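Listed here are the chains, written in short residue letters.
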Amino acid sequence: MADHTVPHPYAPSIPWWLQPAATVTILSGFIVYATWVALQGHGSYGSYLSPFYSPQVVVASIPISPAFWVLWAPAGFRATCYYYRKAYYRSYFADPISCMIPESRRRYAGETAFPFIVNNLHRYLLYAAVAVLVFLWIDAIHAFVFDGRVGIRLGSLLFLANVVLLSGYTLGCHAFRHLVGGNLDCFSCARGGQARFRLWQGVTPLNHYHAFWAWTSLFSVVAVDVYVRLLMAHVISDPVLF
Amino acid sequence: MAEARFHVFRGYAKHGDLVTYQVPITEGMVVLDGIHYIQAHLDGTLACRWNCKAAKCGSCSAEVNGRPRLMCKTRVDEFGARPITVRPIKVFPLIKDLVTDVSWNYRVNQQIPPFTPDANDPGPWKMYPEDVERLYEFRKCIECFLCQDVCHVLREHEGMDRYMGPRFMVRIAALEMHPKDTRSRTDLLKGSGGIGFCNITKCCEEVCPEHIHITDNAIIPLKERMADDYFDPWRALLRLFGGKKEPRGT
Amino acid sequence: MTDWYETFEYDVVVIGAGGAGLRAAIAAAEAGCAVGLVCKSLLGKAHTVMAEGGIAAALGNVDPQDGWQVHFADTMRGGQMINDYRMVEIFAKEAPERVYELERWGGLFDRTPEGKILQRPFGAHTYRRLCHVGDRTGLELIRTLQDKAVHSGITVHMEVTFTRLLRDAERIAGAFGYRREDGRFVVFKAKAVILGTGGWGKVYKVTSNSWECTGDGCAMAYEAGAELMDMEMVQFHPTGMVWPPGVRGILVTEAVRGEGGILRNAKGERFMERYDPKKLDLSSRDVVSRAIYKEVQAGRGSPHGGAFLDISHRGAEVIKKKLPSMHEQFLKLADIDITRSPMEVAPTVHYVMGGVRVEAGTGASTVPGLYAAGEVAAGLHGANRLGGNSLSDLLVFGKRAGEHAAAYAKAVRTLPAVDGRQAAAERALLQRPFDASGGENPFTLHEELQDVMGTYAGIARTGEQLAEGLQKIVALQKRAEQLHAGGSMLFNPGWHACRDVRFMLTLCEAIFRSAIERKESRGAHWRLDCPDQDPTWGARNIVVAQSDGRMQVSTRPVPPVPADLTRLVRQGA
Ligand SMILES: Cc1cc2nc3c(=O)[nH]c(=O)nc-3n(C[C@H](O)[C@H](O)[C@H](O)COP(=O)(O)OP(=O)(O)OC[C@H]3O[C@@H](n4cnc5c(N)ncnc54)[C@H](O)[C@@H]3O)c2cc1C
Ligand code: SF4
Ligand code: SF4
Ligand code: FES
Ligand code: FES
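Since the model is a prediction, treat every value here as computed from it, not as a measurement. (Residues numbered from 1 in each chain as written. Chains lettered and ligands numbered in written order. Predicted model: local features only at pLDDT ≥ 70, side-chain atom pairs only at ≥ 80, totals over all residues. Heavy atoms only, no water.)

S.K.: I keep staring at the overall build of chain A and nothing clicks. Help me out?
M.R.: Of the regular secondary structure elements, chain A holds 8 helices and 4 strands. Helices (α) and strands (β) of chain A occur, in sequence order from the N terminus, as α-β-β-α-α-α-β-β-α-α-α-α. Across its three principal directions, the C-alpha atoms of chain A cover 75 × 50 × 40 Å. When the 242 residues of chain A are sorted by exposure, 48% land in the buried category. In the structure as shown, chain A presents an accessible area of about 11800 Å², 71% of it carried by carbon and sulfur atoms. Looking at charge distribution, chain A has the averaged site of its 15 positive side-chain charges lying 6 Å from that of its 9 negative ones. (Helix = DSSP H or I, 4+ residues; strand = E, 2+ residues; numbered from the N terminus. Buried < 20%, exposed > 50% of the residue type's maximum accessible area, 1.4 Å probe, protein only. Areas by Shrake-Rupley, 256 points an atom, 1.4 Å probe, with all protein chains shown as cover. Lys, Arg positive; Asp, Glu negative; His and termini not counted. Charge placed at Lys NZ, Arg CZ, Asp CG, Glu CD.)

Right, dumping it as structure tokens:
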């Protein structure tokens, strides 16, 4: 006898656990790597400054890795990002691990109570992340300058790609979309409404692919850092392209 | 003639079972056609709701092979030779067979403060395309309640008395962003609306037959609006000292 | 004493929660009445939700030359002058205000760049006149009214089917029916009853209508003694889906042609050039339907017996924006991408112009206390309805019916008494299918009556065929006495269908009898044996009513149009 409320069998085309498993693997890997990098205490090579160490802040009296002075911003930004929230609620907390998959019936407070209520402060981390992004752009420009002369090396392109992906990610942020125009009820009635409407319109397609930018920029940050570290260890050399 | 095997839930909340029916397949047939065939030829007591058979009314919601679907929009040939299992929507109390008691949704709807324009502005109104374009998406909702069915807050955490569910977030979004509406509903969202219970995991968006971006375009923007009013110390300060009104247009 | 039914009491009971019913309920509530709104499906699902193309009102937003006079003339001409001109005048004058009112209640239409309501062209409307939201105007209308209604203090009873109007001597006393969920019987006592129960397209197999369109309200009114008018006028919409078989009849909105869609036959000819060189694809529905029919008869039809409708030249972007649900509908249901290939279309039963005969300004039927508005009422559309005129009809006359019913209810001194015997007789009728053993399957009977209607009362009719069809319907009525339902009264579609079939058979009979009587061709009524219009018939409406338990056919003079209004009609012609 089948009760109406028993779990319904779900027959998706790919196994439902595949996506959460992949998310956990990649995110956990990233966290481990980022922690390791931060503990290294340095990350630059010639014109290149690893994004984990930018902007470079050194407080002489407190001897910790410079990475810790800045990493809280991008880390917090991602941790409170609406997309990453979805990803970790699903894969780390199984809330829900996949749609239609029954959950164990423990207490659930969602984002109404600590800790996840803190996620509502995402906008503040956006402000910080935008500031960091400015520095990353400066770094990317520096990556085209070698001993006072402009040049292009493979590393330069990696830096540029990274900062483009990070911009795509940051400017596609939901809080940003809200800030630039989403919070208006009536564009035509507001001061500067037309400009804000166009901004909002521009941000919307970026926002639509926010997950794409979130993943690619995560990978690119790691890639750039790995590249810088390989140069530092003299494992590879930096091909000159121009 | 080729036949499809239908397993249809028959019975009531406390007792019921899947019953198997063989249904002849016609070209382009949808699951609802199969149900109608069963009603007309095999068992006239099989209960299901439907109205338009054109995916416009949102009556024929059911769980087809474990996924919330509109029966009138789900093609039988999509499943190949696999049997088709049709069960009622799980979140709502079952009445009989495929029919569930969806009255909770109507009670929730009634709690949402209605559209409230400025009484001194009788119109005809000027509303420019850019002011209303994003609202059309929300207004497309056909109230099939598939999103309510799949939302884990309602489905797994018995959240009905805490969270209004994605459908009504869409409705509130349409009201909140309306250029002529003068009311704010962020208090409702934070309070009995329970938007905080949504953890933006997007299952609702995946099943919406109208392809409404429920999470991205309705829920998250509403969460941001709620944050404006309740989670933004900076703004609170501004409000306190500057007496700055919400820059929401009218 | 009587606890076999549940009782409710209201000043005004509105049957039907489509556009007409909702608008009437709001009006009656605003007039201060206690209102009960009853519908047989869930709130917001009524047939009105399917309306696609738009709502006609002479706002003059895109064509400033438009005005009520032109709308009046178009509507009279479309109806071939057997409309009640008084209704048409009220309608054309009040429609704009009803549309703006909808906007004030939160409805959202597509906009012009100047921020006004956008209007699109439609068949036989002289100017661009249809306010719309993409191709889901009905949804917008019903959702807006629904949200307004639930905040107006109206009590809504969903999934209750009424099967009989109760009377206290001549006047209305309420209605009797059952709850679909559990089969419990209900009696609604009321001073006034408003019918907003919609049409009966379901008497045909190939139809765009939803399951609810079984004409219960009209049949109930007839059984309660009301007069029905223009029953022979059944609108065939020229463009329904044809293939695959499961979707046959589903509507392809006229907005496709409004947005520039072109009809072609199998040889690729734009055949409307031959049938209406002036209005072409946007000719009135009766004309286009007949044209497609004739093309198919002449062997120039599409593979599945229709015509091709092509909109692909408008480009994918416009199509997806202006006709999103058509795009999706064809993609999902017929594997056709209309941004690339043409659709196959053929006429489908869409609307009934006939129905309860009502007083022009008030919606009052011939039974005191019984009102009707919307598709169930007759008179506004005459022999052929123009696209988009129904939605505005619902609002204009829904509101009027609500107001007048409220006024009537307030003037009623003594609450009409409910006669328990009427309720008991209806209960016996309803329960009979459970007793009849081995009898008729209601679904089979429904299919058979649809076949009869399709064959004998289709687009092209002859007196002989009609007479034959009537015989068949009478035979089916006999068999309907033996309808059988298994199971219990808990949500039992088979049992529900038994009563629906009886209602439908009554209306089928009315269609045949009226069609036999009208010995001419006019609007939707096309008689091969009397192919021309006959001015004597142009001055008469056909009316059926029950007397001594039998259906009597008679005629009523069409209210003569005053000279100034006649001039309006002539001008544009
Ligand atoms: C596909 C399609 C597209 C259309 N597009 C347009 C368009 O673009 N423009 C336009 O103007 N018109 C259009 N129409 C026509 C228009 O939609 C209908 O004529 C109109 O909606 C009828 O509305 P109504 O309020 O009279 O009744 P309906 O909407 O049919 O509502 C009937 C109500 O009565 C209730 N009811 C019926 N019987 C009973 C009973 N026995 N007991 C209790 N309740 C009962 C039902 O539950 C329902 O709530 C379209 C029609 C179709 C089918
Ligand atoms: S995104 Fe929110 S509303 Fe949608 S299913 Fe997930 S928890 Fe429910
Ligand atoms: S939002 Fe989508 S899924 Fe939810 S009720 Fe509306 S149409 Fe259905
Ligand atoms: S960064 Fe992802 S939503 Fe803000
Ligand atoms: S029957 Fe209307 S949506 Fe399926």
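So much for the structure itself; the text now carries on.
S.K.: So what exactly am I meant to see when it comes to the site of ligand 3 here?
M.R.: Taken together, Cys141, Ile142, Glu143, Cys144, Phe145, Cys147, Cys208, Pro209, Glu210, Ile212 and Ile214 of chain B make up all the residues around ligand 3. Here the shell around ligand 3 is built from residues that sort into 9 nonpolar, no polar and 2 charged. (Near = heavy atom within 4 Å. Nonpolar A, V, L, I, M, F, W, Y, C, P; charged D, E, K, R; others polar.)

S.K.: Quick question: what am I supposed to make of the site of ligand 1 here?
M.R.: Residue and element names in this part refer to chain C. By nearness alone, 40 residues border ligand 1, and Thr48, Gly53, Glu212, Glu375 and Leu391 come closest of all. Take threonine 48: an N or O atom from its side chain is 2.5 Å from an oxygen atom of ligand 1. Glycine 53 is positioned with one of its backbone polar atoms (N or O) 2.8 Å from an oxygen atom of ligand 1. Within the complex, the protein chains bury 99% of what would otherwise be the 1000 Å² of accessible surface of ligand 1. Every element with two or more residues in the shell around ligand 1 is listed here: helix H1 (19-30), strand S7 (160-168), helix H5 (216-223), strand S14 (343-352) and helix H11 (389-411). Looking at the shell around ligand 1 element by element, the count peaks at 4 residues for H11. Residues of the shell around ligand 1, tallied by class, amount to 15 nonpolar, 19 polar and 6 charged. (Polar contact = N/O pair within 3.5 Å; in protein donor to acceptor, adjacent residues only side chain to side chain.)

S.K.: Would you mind showing me how to read the environment of arginine 185 of chain B here?
M.R.: Residue and element names in this part refer to chain B. Structurally, arginine 185 is set in the loop between helix H6 (166-176) and helix H7 (186-190). Classification of arginine 185 by relative accessible area gives buried; the value is 0%. In this structure, the C-alpha to C-alpha distance between arginine 185 and leucine 222, residues 37 residues apart in sequence, is 9.5 Å.

S.K.: What should I look at first to understand the sheet that holds strand S19 (residues 540-547) of chain C in this one?
M.R.: In a beta sheet, neighbouring strands are held together by backbone hydrogen bonds and run either parallel or antiparallel to one another. Residues and elements named next belong to chain C. Pairing within the open sheet is antiparallel, and its 4 strands lie in the order S15-S10-S19-S20. Each edge of the open sheet carries a strand with a single partner, namely strand S15 (355-356) and strand S20 (550-557). Here strand S10 (residues 228-229) pairs with S19 via 2 bridges, running antiparallel. Residue pairing in the sheet places leucine 228 in a bridge with valine 544 of S19. (Pairing = 2+ DSSP bridges.)

S.K.: Before we go on, may I ask you to explain the confidence of the model for chain A in this structure?
M.R.: Note: predicted coordinates in regions of low pLDDT should not be interpreted at a detailed level. Averaged over all residues, the pLDDT of chain A equals 91, while 94% of them reach at least 70. Confidence drops under a pLDDT of 50 for residues 1-10 of chain A, and excluding neighbours within four residues, the segment shows 28 contacts in the predicted structure. (pLDDT = per-residue confidence, 0-100. Contact = heavy atoms within 4.5 Å.)

S.K.: Can you help me understand the interface of chain A and chain B in this one?
M.R.: Interface size is commonly expressed as the accessible area that is lost once the parts come together. Contact with chain A, which involves 49 residues of that partner, is made by 62 residues of chain B. At the surface where chain A touches chain B, the tally comes to 6 salt bridges. At the boundary of chain A and chain B, one finds 30 residue pairs in polar contact (both at pLDDT 80 or more). Broken down by secondary-structure element, the contributors of at least two residues to the side of chain A that touches chain B are helix H3 (82-91), helix H4 (122-142), helix H6 (174-182) and helix H7 (193-208) of chain A. (Salt bridge = Lys/Arg side-chain N within 4 Å of Asp/Glu carboxyl O.)

S.K.: Help me out: how do you make sense of the domain arrangement of chain B in this one?
M.R.: Residue and element names in this part refer to chain B. On domain assignment, one finds that chain B holds domain 1 (3-100) and domain 2 (103-242). Each side of the interface is counted separately: domain 1 has 16 residues, and domain 2 has 19 residues. Buried surface at the junction of domain 1 and domain 2, summed over both partners, amounts to about 1200 Å²; 58% is from carbon and sulfur atoms. In terms of surface lost to domain 2, no three residues of domain 1 exceed Pro68, Val91 and Phe92, which account for 43% of the buried area on that side. Taken together, domain 1 and domain 2 are joined by 2 salt bridges. Notably, a salt bridge pairs glutamate 63 with arginine 155, separated by 3.0 Å at the nearest N-O pair. Remark: the boundary between domain 1 and domain 2 carries 6 residue pairs in polar contact (both at pLDDT 80 or more). Listed by contribution, the elements that provide at least two residues to the side of domain 1 that touches domain 2 are strand S3 (61-64) and strand S4 (67-70). Ranked by residue count, the leading element in the side of domain 1 that touches domain 2 is S4, at 4 residues. (Domains from an automatic or database assignment. Buried area = accessible area lost by both parts, 1.4 Å probe.)

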